[in-house]
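Commentary on secondary and tertiary structure
Residues per chain, in single letters:
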Amino acid sequence: MTEHVSTSTPTGLAGGATGGHLPPARFAYDRHTWKEIAHLLANLPAALIGFTYVVTMLAVGVGLTLTVIGLPLLAAGLLGARQLGKLERARARALLGVRVDEPSPLPLRGNGGFFSQLWMSLKDPVGWRTVLYDFIRFPWGVLTFVVTLTSLFLLWPVLPFIARGLANADRAMVRALLSPSDELERRIAELESDRGVVVDTAAADLRRIERDLHDGAQARLVNLAMGLGLAKEKLLEDPDAAATMVDEAHGEVKLALQELRDLARGIHPAVLTDRGLDAALSSVSSRCTVPVRVTVDLTERPAAAIEGIAYFTVSELLQNVSKHSGARSASVEVWRSSDRLLIQVGDDGHGGASLEGGTGMKGLADRLSAVDGLFVVDSPQGGPTSITAELPWRDRTEADASSGTSRTSATK
């Protein structure tokens, strides 16, 4: 006896983002069963196209790897395999209700030259998983087509159950081989977020430099020009007044030069470029309002970018010690552990520092996160405070050294 089919539509299909389930398989055919049957019958032509493409791509690409065009052909074939995977995901969504996210496109534009883009395409995990999917789908496509077509005429009373079992195997293959890598997608999302932080930080620094120049040195230079103009007019009429104005202008020049030096030190201090973190941190600690013990245990200097981030991190943390901690003493320790540069700043103040306490700490955490660093705050109420920053170690290259020398020469 034929059972009645429910006409209600499920809120989500198996594998869907909504977390629902397919209705159970029944003797009577409903629309989900017909979709599964259509998918199984379409497996053969789809698998034939994919298998032919993959075999041709591998045969031509691998066969010509000894020539100049072999690897580029293989890389282009992997990019084409991505498009086949996109079509298979669309077919699975339409007929099986499998909801899988589309993988992120390869960031080929603006990513180095031809060879770096070629290498990125050749090691693309999404492309290779699609190749594996299309390769193993050919025998599976033949099997599902024959079984479904035979059952449609000979075993039609139990075909819904057969179709459900075969379709579930298809769903498992789509999820396993055509879904994006969770770790890779997470890493891409982190890098995109970090890139935004770096851009925002650079824009804020540029605005700060522009504001400091406009409000400081530029204003003094304008006053200097006006004072020298008045002194020039009074040079013949009142030499004594003109001499006084020249003396005042000389003082303005000294102040403008000092402000420019302070601004240059805020961009990249010369002592850091010339002598490294040990001397630079000793210099910045001398400006702290409490005694600071500095210990730098480094046998070599890190890359200039990492060195600069470490310096400004310690500088800002010592400013917080001076302004907010109420401490009597503080300490700065810097050392290398394997491929990481570790920084620890502590004080015996009243504590209570946190990432939510203001924009300063949060900004430091964002800056370190943008370069794969870590920022950990341990500051209970009543103190003491211990803040640990961790940066990736990158060796200093000749380019770093030469650019540092050029910067020093320009500053002088």
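Calculation rules
Residues numbered from 1 in each chain as written. Predicted model: local features only at pLDDT ≥ 70, side-chain atom pairs only at ≥ 80, totals over all residues. Heavy atoms only, no water. Phe/Tyr/Trp six-rings, centres within 6.5 Å; stacked < 30°, edge-to-face > 60°. Helix = DSSP H or I, 4+ residues; strand = E, 2+ residues; numbered from the N terminus. Buried < 20%, exposed > 50% of the residue type's maximum accessible area, 1.4 Å probe, protein only. Patch = residues over 30% accessible without salt bridge, like charges linked within 9 Å, V, L, I, M, F, W, Y side chains within 5 Å. Areas by Shrake-Rupley, 256 points an atom, 1.4 Å probe, with all protein chains shown as cover. Salt bridge = Lys/Arg side-chain N within 4 Å of Asp/Glu carboxyl O. Contact = heavy atoms within 4.5 Å. Axes fitted to C-alpha atoms, helices over the stretch in contact; angles between N-to-C directions. Parallel < 35°, antiparallel > 145°, perpendicular 65-115°, else oblique. Left-handed = near helix turned anticlockwise from the far one by under 90°. Nonpolar A, V, L, I, M, F, W, Y, C, P; charged D, E, K, R; others polar. Pairing = 2+ DSSP bridges. Right-handed = clockwise from strand over helix to strand, strands pointing away. Polar contact = N/O pair within 3.5 Å; in protein donor to acceptor, adjacent residues only side chain to side chain. Expected span 1.5 Å × (residues − 1). pLDDT = per-residue confidence, 0-100. Core = buried A, V, L, I, M, F, W, Y, C linked by side-chain atoms within 4.5 Å.

What follows covers the packing of aromatic side chains. Evaluated as defined, the whole model comprises 3 aromatic pairs. Aromatic side chains Phe51 and Phe135 sit 5.6 Å apart centroid to centroid with 35 degrees between the ring planes, which places their arrangement in the tilted category. With Phe51 in helix H1 (residues 31–63) and Phe135 in helix H4 (residues 125–154), this residue pair connects regions lying 84 residues apart in the sequence. We classify Phe51 as partly exposed; its relative accessible area is 22%. Linked through ring pairs, Phe51, Phe135 and Phe138 together constitute an aromatic cluster.

This next bit is on the environment of Phe114. Relative to the elements of secondary structure, Phe114 occurs in helix H3 (residues 114–122). In sequence terms Phe114 and Pro72 are 42 residues apart; their C-alpha atoms lie 9.9 Å from each other.

This brings us to a nonpolar patch on the surface. Together, Leu149, Phe153, Leu154, Leu155, Val158 and Phe161 give the surface a local cluster of nonpolar side chains, amounting to about 580 Å² of exposed area. Counting residues per element, the nonpolar patch draws most heavily on H4, at 3 residues. Inspection of the secondary structure puts Val158 in the loop between H4 and helix H5 (159–178). You can call Val158 partly exposed: its relative accessible area is 35%.

Bringing the pattern of salt bridges into the picture now. If you walk through the whole model with that rule in mind, you get 10 salt bridges. Here Glu390 ties to Arg340 by a salt bridge, and the two come within 2.7 Å at their closest N and O atoms. Residue Glu390 is found in strand S5 (residues 385–392), and its partner Arg340 is found in strand S3 (residues 340–347); the two are separated by 50 residues along the sequence. A network of salt bridges, in which partner residues are shared, links Glu36, Arg164 and Arg171.

The next point concerns the environment of Val126. Relative to the helices and strands, Val126 is located in helix H4. On the accessibility criterion, Val126 (5% relative accessible area) is buried. Note: C-alpha distance between Val126 and Pro180 (54 residues apart in sequence) is 6.8 Å. With residues up to four places along the chain from it excluded, the contact list for Val126 reads Arg82 and Pro103.

What follows deals with the packing of helix H2 (residues 70–96) against H3. Axis separation between H2 and H3 bottoms out at 8 Å; the angle between their running directions is 55 degrees. With respect to H3, the element H2 is oriented oblique. H2 and H3 meet at a crossing whose hand is left-handed. Contacts between H2 and H3 pair Leu71, Pro72, Leu74, Ala75, Leu78 and Leu79 from the former with Phe114, Leu118, Ser121 and Leu122 from the latter. Across the contact of H2 with H3, the residue classes break down as 9 nonpolar, 1 polar and no charged.

Once that is clear, we can look at the pairing of strand S4 (residues 374–378). Of the strand pairs in this sheet, S4 and S5 are connected by 5 bridges, and their pairing is antiparallel. If you follow Val376 over to S5, its bridge partner there is Thr388. With antiparallel pairing between neighbouring strands as the criterion, S4 and S5 make up a hairpin whose turn holds 6 residues, including Gly382 at a positive phi of roughly 95 degrees.

A few words on the pairing of strand S1 (residues 292–297). With 6 bridges joining them, S1 and strand S2 (residues 330–337) adopt parallel strand pairing. When the bridges of S2 are listed, Val292 appears paired with Ala330. As a crossover connection, the stretch from S1 through helix H10 (residues 304–325) into S2 is left-handed.

Mapping Asn43 onto the fold places it in helix H1. A polar contact is formed between the side chain of Asn43 and the side chain of Asp170, at a distance of 3.0 Å.

The strand order across the open sheet built from 5 strands is S1-S2-S3-S5-S4, with neighbouring strands paired in mixed fashion. Of all strands in the sheet, those bounded by a partner on one side alone are S1 and S4. Going across the sheet, the axis of each strand differs from the next one's by a mean of 10 degrees, ignoring polarity. Relative to S1, helix H9 (residues 277–286) is tilted by about 170 degrees, and along the sheet it contacts S1 and S2. Here H10 sits on the sheet in contact with S1, S2, S3, S4 and S5, set at roughly 10 degrees to S3.

The terminal C-alpha atoms of H1 lie 46 Å apart, and with 33 residues this matches the ideal 48 Å at 1.5 Å per residue to within 8%. Turning to H1, its buried residues number three or more, namely His32, Thr33, Glu36, Ile37, His39, Leu40, Asn43, Ala47, Gly50, Val54, Met57 and Gly61. Against H2, H4 and H5 lie the buried residues of H1.

Put simply, the protein chain has an average pLDDT of 76, and 75% of its residues get 70 or more. Long-range and interchain partners of residues 405–412, a stretch whose pLDDT sits below 50, account for 4 contacts in this model, where long-range means more than four residues apart.

Ranked by internal contacts, the top residues of the largest apolar core, which has 33 residues, are Leu281, Val332, Val334, Ile343 and Phe375. Breaking this core down by element, the ones donating at least two residues are H9, S1, H10, S2, S3, helix H11 (359–369) and S5. By residue number, the principal contributor to this core is H10, which donates 7 residues. Once residues lying within four places of it in the same chain are set aside, the contact partners of Val334 are Leu277, Leu281, Thr295, Val296, Asp297, Leu298, Leu341, Leu342 and Ile343.

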